[in-house]
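For reference, the chains in residue letters:
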Amino acid sequence: MKSNPFFHILLLLGLLASCKQSEETAVKELNDSVMTLHDELMPKTEQIIQLKGSLDSLSNGPDSVHVKKLIQSLDKADNEMMNWMHQFSIDSLSSMDFKAKISYLHEQLNKLKSVETFTDSTLNAANQYKK
């Protein structure tokens, strides 16, 4: 049986297109994870602002040192989120190859998870104090 070179070329082109689609899907899914986590954290920044306001009125009371530490932690959580947003550059992905995109998005997801952990623990501590 004779092999058809045209068939082999078509098969190779199909495989290459499939790989490109897989890469694009992987980047999209990872980017979606980053954006979903960002979207979950944004309302927490509003909670931070509200808690800071309510704790501020207690900052001269008997627990003033503790309250001021809570306020500082809330400020730090808010600043970490703002810093992440300022350094995150979705536009830079277009100039990266696949491996660089995946690496960048993994790094950003890990940074954002760290922000989430700190934010959640800080909000929890401040809410516990207010109870």
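Before any of the text, the structure's been laid out above.
The structure reproduced in this document is the subject of the present report. (Residues numbered from 1 in each chain as written. Predicted model: local features only at pLDDT ≥ 70, side-chain atom pairs only at ≥ 80, totals over all residues. Heavy atoms only, no water.)

## Let's talk about the overall build of the chain
Thought 1: If you tally the helices and strands in the chain, you get three helices and zero strands.
Thought 2: Seen in sequence order, the chain has helices and strands lined up from the N terminus as α-α-α. (Helix = DSSP H or I, 4+ residues; strand = E, 2+ residues; numbered from the N terminus.)

## What to know about the nonpolar core
Thought 1: Ranked by internal contacts, the top residues of the largest apolar core, which has 15 residues, are Val34, Leu41, Phe88, Leu105 and Leu112.
Thought 2: Per-element tally for this core: the top contributor is helix α3 (residues 98–130), with six residues.
Thought 3: Excluding anything up to four places from it in sequence, Leu41 contacts Met81, Leu112, Val115, Glu116 and Thr119.
Thought 4: By size, the runner-up hydrophobic cluster in this structure holds 10 residues, among which are Ile48, Leu51, Leu55 and Leu123. (Core = buried A, V, L, I, M, F, W, Y, C linked by side-chain atoms within 4.5 Å. Buried < 20%, exposed > 50% of the residue type's maximum accessible area, 1.4 Å probe, protein only. Contact = heavy atoms within 4.5 Å.)

## Considerations on the pattern of salt bridges
Opposite charge on two side chains makes pairing possible when the charged atoms of those side chains draw close.
Thought 1: This model, assessed by the stated rule, comprises five salt bridges.
Thought 2: Of the charged contacts, one joins Asp120 and Lys44 as a salt bridge, the two residues approaching to 2.6 Å between their closest N and O atoms. Of this pair, Asp120 sits in helix α3 while Lys44 sits in helix α1 (residues 5–56), and the two are 76 residues apart along the sequence.
Thought 3: The salt bridge involving Lys111 is made with Glu107; its shortest N-O contact spans 3.3 Å. You can see Lys111 and its partner Glu107 sitting in helix α3, four residues apart, about one turn around the helix.
Thought 4: A relative accessible area of 38% places Glu107 in the partly exposed class. (Salt bridge = Lys/Arg side-chain N within 4 Å of Asp/Glu carboxyl O.)

## A closer look at the packing of aromatic side chains
The description of two aromatic rings rests on the distance between their centres and on the angle between their planes.
Thought 1: Applying the stated criterion to the full structure yields two aromatic pairs.
Thought 2: Ring geometry for Trp84 versus Phe88: centroids 4.7 Å apart, planes at 20°, classification stacked. Each member of the pair, Trp84 as well as Phe88, carries the same accessibility label: buried.
Thought 3: When the centroid spacing of 6.1 Å and the interplanar angle of 15° are considered together, the rings of Phe88 and Tyr104 count as stacked. Remark: Tyr104 occurs in helix α3 and Phe88 occurs in the loop between α2 (64–87) and α3; sequence separation between them is 16 residues.
Thought 4: On the accessibility criterion, Phe88 (14% relative accessible area) is buried.
Thought 5: Exposure remark for Tyr104: the relative accessible area of 14% places this residue in the buried category.
Thought 6: Following the ring pairs from residue to residue traces out a cluster consisting of Trp84, Phe88 and Tyr104.
Thought 7: One cation-aromatic arrangement involves Lys76 over Phe118; the distance from NZ or CZ to the ring centre is 5.0 Å. (Phe/Tyr/Trp six-rings, centres within 6.5 Å; stacked < 30°, edge-to-face > 60°. Lys NZ or Arg CZ within 6 Å of the ring centre and 35° of its normal.)

## Quick notes on α3
Thought 1: In this model α3 runs 47 Å from its N-terminal to its C-terminal C-alpha over 33 residues, within 8% of the 48 Å that 1.5 Å per residue would give.
Thought 2: Turning to α3, its buried residues number three or more, namely Ile102, Tyr104, Leu105, Gln108, Leu109, Leu112, Val115, Thr119, Thr122, Leu123 and Ala126. (Expected span 1.5 Å × (residues − 1).)

## So, the packing of α2 against α3
Thought 1: In contact at an axis separation of 9 Å, α2 and α3 are set at 160° when each is read in the N-to-C sense. As judged from the angle between their axes, α2 and α3 are roughly antiparallel. As α2 packs across α3, the resulting crossing turns out to be left-handed. Seen from α2, the contacting residues are His66, Val67, Leu70, Ser73, Leu74, Lys76, Ala77, Glu80, Met81, Trp84 and Gln87; seen from α3, they are Tyr104, Gln108, Lys111, Leu112, Val115, Phe118, Thr119, Thr122, Leu123, Ala125, Ala126 and Tyr129. (Axes fitted to C-alpha atoms, helices over the stretch in contact; angles between N-to-C directions. Parallel < 35°, antiparallel > 145°, perpendicular 65-115°, else oblique. Left-handed = near helix turned anticlockwise from the far one by under 90°.)

## Let's talk about α2
Thought 1: Compared with an ideal rise of 1.5 Å per residue, which puts 24 residues at 34 Å, α2 spans 34 Å between its outermost C-alpha atoms and is within 8% of the ideal.
Thought 2: Buried within α2 are the following residues: Ser64, Val67, Leu70, Ile71, Leu74, Ala77, Asp78, Met81 and Trp84.

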